[in-house]
Amino acid sequence: MGIVDDTKNANEVNITLELMDDLSNNISFYNGSIVPWSFESVFNISVCSQWGPVNHMFFQLANTFFFLSYLAPNGMYGILYLRCTLLIGCAFFAWWGWAILCSFDAFIWNANFVAINFIHVCVLLYHLRPIKFSKEIEEVYQALFRPLKVSRHQFKKVLDCMKMIRQLKYQEVYAQEKVTKVDSLSLVLSGKLVVSQNSRALHIVFPHQFLDSPEWFGVSTDEFFQVSITAMEDSRVLLWHRDKLKLTIITDQFLQAVFDHILGRDVVKKLMQVSETMSHNGLVPNNCDMEHCDDKPMLIVKRSGDGPGITALINRQIQDPKVLPEHAPLLCRCNHHSVRLASLLALHKPS
């Protein structure tokens with residue numbers, strides 16, 4: 001009897017110890033009290049005791065393209081690459097949810113992702129589409145704008161402000177002094193035009209030069225040309241809407257700086273050409289002062305009272321010896337309404 005009781009007591013102790021071990025694996029202490037706890041009961045997720053088979057090929061391809069999407073570089077083409085890889089990955093996931101997993105919600109979600117990325121891809125392709133210009137416009141872009149790192153899309157934005165391409169015949173007058181309003185910005189595409197004042201020729205405008213670059217700085221559209229412009233041969237001139245172009249580039253500091261640079265350089269070339277023309281013709285004496293030059297032909301460039309005008313721009317260009325010789329002084333007389341370039345960069349004779 002004693003042996004049987006001892007055996008029975010030993011079995012009860014073993015059972016009790018096993019129950020305590022199981023209980024210790026499923027309880028936690030909170031504020032000194034014992035609370036039953038299990039991962040499955042709290043998160044409603046069962047821990048995998050054994051891995052299942054590998055998923056279908058659609059699942060693997062979807063994740064492969066998602067992996068490739070994380071390798072997308074910066075820039076517009078990088079964003080396009082990112083959107084394309086996401087679109088393909090979501091398409092495989094939608095196909096996997098529809099045909100393999102038979103999960104309607106997985107299919108719907110990924111189908112929406114496909115549609116969103118498809119729209120983004122279309123928009124990016126539209127912005128990255130190749131832009132082609134006519135032969136004349138392409139030559140202008142290559143000569144003037146491309147060296148200044150202006151993209152084709154930016155030049156297209158400028159070209160949208162174009163009014164027309166005007167055909168001028170031989171001896172046809174483009175602008176008449178004190179009669180024609182300054183309401184355009186004109187660029188010569190082909191041919192030659194002569195600029196004159198008081199029936200005296202000042203300089204010639206060649207292809208890829210502007211006809212009214214001095215009027216760009218501080219001259220409003222309700223003012224008039226101070227020179228006459230006549231075609232020396234059959235010519236073609238590109239005309240921009242002046243106000244529309246200014247409103248377009250005023251929101252883009254880069255384009256605004258590009259136009260100020262191109263037109264400022266064009267003005268300096270014209271002034272040098274006028275100076276050489278008048279010096280050779282004896283129209284501007286070397287020792288001309290302001291009081292004795294009033295009866296000589298002068299180039300008048302009007303400006304508004306509160307803007308820096310063309311004079312400040314020209315002075316900045318003259319200060320650079322690479323642009324003009326150091327011995328080419330600019331004598332000017334300024335008032336609230338106009339700027340008179342009296343001696344027009346008269347060159348001193350070497351001693």
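For the structure itself, consult the block above.
The shown structure was predicted, so the numbers you read here are calculated from the model rather than taken from an experiment.

> Got a minute to help me understand the pattern of salt bridges in this structure?
Note that side chains of opposite charge can pair when their charged atoms are close. A complete count under the given rule lists five salt bridges for this structure. Between Arg 236 and Glu 136 there is a salt bridge whose closest N-O contact spans 2.7 Å. Taken together, the residues span a long stretch of sequence, with Arg 236 in strand 9 (residues 235-241) and Glu 136 in helix 6 (residues 135-145) at a distance of 100 residues. By relative accessible area, which is 26% here, Arg 236 ends up partly exposed. Glu 136 sits in the partly exposed class, given a relative accessible area of 22%.

> Looking at this model, I keep getting lost on the sheet that holds strand 4 (residues 173-175). Mind explaining?
Strand pairing in a sheet relies on backbone hydrogen bonds, with the paired strands running either antiparallel or parallel. The strand order 4-8-6-7 describes an open sheet built from four strands, whose pairing is antiparallel. Every other strand in the sheet has two partners, leaving strand 4 and strand 7 (200-205) as the edge strands with one partner each. Strand-to-strand twist across the sheet, computed as the mean angle between neighbouring axes with direction ignored, equals 30°. As defined by bridge partners, strand 4 adjoins strand 8 (residues 228-231) across two bridges and the pair is classed as antiparallel. Bridge pairing in strand 8 links Val 173 to Thr 230.

> When you look at the packing of aromatic side chains in this model, what are you seeing that I'm missing?
We describe a pair of aromatic rings using the distance from one ring centre to the other and the angle between the two ring planes. Counted according to the given criterion, the structure contains 18 aromatic pairs. With 5.5 Å between their ring centres and 35° between their planes, Phe 66 and Phe 93 make a pair best called tilted. Here Phe 66, found in helix 3 (residues 57-69), pairs with Phe 93, found in helix 4 (residues 76-100); they are 27 residues apart in sequence, far enough to count as distant. On the basis of relative accessibility, which here comes to 15%, the residue Phe 93 falls in the buried class. Taking the centre distance of 4.7 Å and the plane angle of 50° together, the rings of Trp 98 and Phe 107 count as tilted. On the accessibility criterion, Trp 98 (53% relative accessible area) is exposed. Through pairs of rings, three or more aromatic residues link up here, namely Phe 133, Tyr 141, Phe 145, Phe 155, Phe 210, Trp 216, Trp 240 and Phe 259.

> Would you explain the sheet that holds strand 5 (residues 184-190) in this entry?
Here three strands make up an open sheet; going across it, the order is 3-9-5 and the pairing antiparallel. Two strands bound the open sheet, and with one partner strand each, they are strand 3 (162-168) and strand 5. Averaged over all adjacent pairs, the angle separating strand axes in this sheet is 25°, with direction ignored. Here helix 6 sits on the sheet and contacts strand 3, strand 5 and strand 9; the angle it forms with strand 5, its principal contact strand, is near 105°.

> Sorry, what's going on with the nonpolar core here?
Among soluble globular proteins, nonpolar side chains are generally buried collectively. Ranked by size, the top nonpolar core spans 29 residues in total, and within it Phe 145, Phe 155, Leu 185, Phe 210, Trp 240, Leu 245 and Phe 259 carry the most contacts. Secondary structure elements with two or more residues in this core: helix 6, helix 7 (152-159), strand 5, strand 9, helix 9 (242-249) and helix 10 (253-281). For this core, the leading source of residues is helix 10, giving seven residues. Setting aside chain neighbours within four positions, we find Phe 259 in contact with Phe 145, Val 158, Leu 185, Leu 245, Ile 249 and Gly 264. Tyr 174, Leu 211, Val 219 and Val 237 belong to the second-largest nonpolar core, a separate cluster that totals 18 residues.

Cut-offs applied
- Residues numbered from 1 in each chain as written.
- Predicted model: local features only at pLDDT ≥ 70, side-chain atom pairs only at ≥ 80, totals over all residues.
- Heavy atoms only, no water.
- Salt bridge = Lys/Arg side-chain N within 4 Å of Asp/Glu carboxyl O.
- Helix = DSSP H or I, 4+ residues; strand = E, 2+ residues; numbered from the N terminus.
- Buried < 20%, exposed > 50% of the residue type's maximum accessible area, 1.4 Å probe, protein only.
- Pairing = 2+ DSSP bridges.
- Axes fitted to C-alpha atoms, helices over the stretch in contact; angles between N-to-C directions.
- Phe/Tyr/Trp six-rings, centres within 6.5 Å; stacked < 30°, edge-to-face > 60°.
- Contact = heavy atoms within 4.5 Å.
- Core = buried A, V, L, I, M, F, W, Y, C linked by side-chain atoms within 4.5 Å.

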